[in-house]
Amino acid sequence: MTLHARDTVTGHLVTLTPDPASADHLAPGPLSSGRYRCMSCGHPVGLSRRSGSHSAYAPRFSHSQSSGSGADGCPARAGLQKEIETGLQVVIDLRDHLAKAWPGVQTLIECPEPQTPGEASPPAVIVATAGGQVLVIECPHGPLDDPAVQRRMQAVRARYGSGATHVWFFTEDEHHFRQGGLRDKAVRPAGATASVRHMRVRPTQQQLQIIEAGGAVYWVNGATVYVPYGGHEFIHEPKPDGEDWGGDVARRRNDWRISRPRPLPGAHWWGLVPIGLSTLRRGRAGFHPGEAHEVMERLERSQGARWAAARRLARERYEALHRPPPAPVADAIEQPPPAEAPSASPLPSAPPAETSPPSADAAEEKEEEGQQPLPVPPRPAYAPYVPPATPLLPPPRGPLSRLMKWVQRRG
């Protein structure tokens, strides 16, 4: 059975295994003195030797001052002991990855001292030092309350100074990632030829508190680190008399913006940029995920181009809907064919037609036929009627022959 103990003198994590070499690095002296204490219960851990099948001695570590029913007499309940051991294994694996990724950087696992003697130790931390720079990595293995976060931040500043970089590495918890109902988001950084998918997570209250206090929050899964940025959703407000966000442009109205290099308060979700653990290098400003910050910067540039393209489409739609209709094109008027030129040979003149003026009835007939009527000359004025000096005698009565004779005489 492997036990993890805290060295109360150095504060470092000690791994106790049945390997014969496990006790070689321990400080000389009786282990029952209480220098090494169990990480799960806080009780002292003792060393005993037993003979093997080939008369070889293998170390055996147990709780020398406890008669608990747990593994090797640990009084901590089995569930708590398993949880602590699992969290410690994450820290150990991360320390091993950092040791390979950062040659020349000293990486140690330190165990904070519990507030009350005899209690379980707080989660172990990784302390990386190089060139006077200090990076403290917290690896919580359970939920944290606000007082615990504040205590850890104050303890780190008191022990390592205000210039130390304090970050928190959370494990990739499937429940935490999916409880908000968020799916991966397809993004395309500026200059990328294809879209990539970033996992999204809703931050917990403790993670928000860490960010607000100036800390950094990451996730770790083996040799992969996930660096968060803020995603703030909003709706484009159309400009008056210039944009229309209906039709095919409506889907572009719902948009989002990024906040970096750390998520700002009020973010609706956090997007996670995956980078290799080896890229978490140290620089003049301390340890920082430079590669992830470059991806965030490219996302911000793509964001501006995306907004400009959406507003251009909204303007084009507005202009198309409010453009005045084109003026109707008039139909071409058929022109009569040109008159033929008169022939050079003289034609015989036609006899003059009667020049009697047309009557009004004839003019009306012309109008009914659709032709232009000829002008009607005015009627001549007649002299007023003057009765004769001698009265006219009535025509004689009698046969028609006598009447004709009478007319001839009068004529």
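Use the structure listed above.
Predicted, not measured: the structure shown is a model, and the values here were computed from it.

Trainee: Even after reading the chapter, I still don't get the pattern of salt bridges, so can you show me in this structure?
Mentor: Two side chains carrying opposite charge are able to pair once their charged atoms lie near each other. Tallied over the full model, the rule gives eleven salt bridges. Between E243 and R311 there is a salt bridge; the shortest N-O distance is 2.6 Å. Remark: R311 occurs in helix α5 (residues 290-322) and E243 occurs in the loop between β13 (224-235) and β14 (254-259); sequence separation between them is 68 residues. Of the residues examined, E243 reaches a relative accessible area of 8% and is grouped as buried. For E300, the salt bridge is made with R260, and the minimal N-O distance between the two is 2.7 Å. Here E300, found in helix α5, pairs with R260, found in the loop between β14 and β15 (269-276); they are 40 residues apart in sequence, far enough to count as distant. R260 sits in the partly exposed class, given a relative accessible area of 33%.

Trainee: When you look at the packing of aromatic side chains in this model, what are you seeing that I'm missing?
Mentor: The way to describe two aromatic rings as a pair is by their centre distance and the angle between their planes. Taken as a whole and judged by the stated rule, the model has seven aromatic pairs. Seen from their ring centres, Y229 and W269 are 6.5 Å apart, and the 75 degrees between their planes marks the pair as edge-to-face. Highlighted residues: Y229 in strand β13 and W269 in strand β15, separated in sequence by 40 residues. Take Y229: its relative accessible area is 0%, and that puts it in the buried class. Three or more aromatic residues joined by ring pairs make a cluster, and in this case those are F170, W219 and W270.

Trainee: Got a minute to help me understand helix α1 (residues 78-101) in this structure?
Mentor: In a regular helix each residue adds 1.5 Å, so 24 residues correspond to 34 Å; α1 covers 35 Å between its end C-alpha atoms and thus fits that length. Taken together, the buried positions of α1 are occupied by Q81, I84, E85, G87, L88, V91, I92, L94, L98 and A101.

Trainee: Honestly, the pairing of strand β2 (residues 13-16) in this entry has me stumped. Any pointers?
Mentor: If a strand is regular, its side chains alternate between the two faces of the sheet. Pairing between strand β1 (residues 3-7) and β2: four bridges, direction antiparallel. Each bridged residue has a counterpart across the sheet, and for H4 the counterpart in β2 is T15. Between β1 and β2, which follow one another and run antiparallel, lie five residues, and G11 among them has a positive phi close to 80 degrees.

What counts and how
- In this numbering scheme, every chain counts its residues from 1 along its sequence in written order.
- Local features are withheld for residues below a pLDDT of 70 in this predicted model, meaning they are given only at 70 or higher, and side-chain atom pairs are given and counted only at 80 or more; totals for whole chains, interfaces and linings count all residues.
- Excluding hydrogens and water, the side-chain figures rest on all heavy atoms present in the structure.
- The rule for a salt bridge is simple: a side-chain nitrogen of Lys or Arg has to be within 4 Å of a carboxyl oxygen of Asp or Glu.
- Going along the chain from the N terminus, every DSSP run of H or I of four or more residues is numbered as a helix, and every run of E of two or more is numbered as a strand.
- Buried means the residue's accessible area, taken with a 1.4 Å probe over protein chains only, is under 20% of the maximum for its type, while exposed means over 50%, and partly exposed covers the values in between.
- For Phe, Tyr and Trp, where Trp contributes only its six-membered ring, two rings pair if their centres lie within 6.5 Å, and the inter-plane angle classes them as stacked under 30 degrees, edge-to-face over 60, or tilted in between.
- Expected span of a helix: the number of residues minus one, times 1.5 Å.
- Strand pairing is defined by DSSP finding a minimum of two bridges between the two strands.

Note that all results are geometric; they support no functional claim without further evidence.
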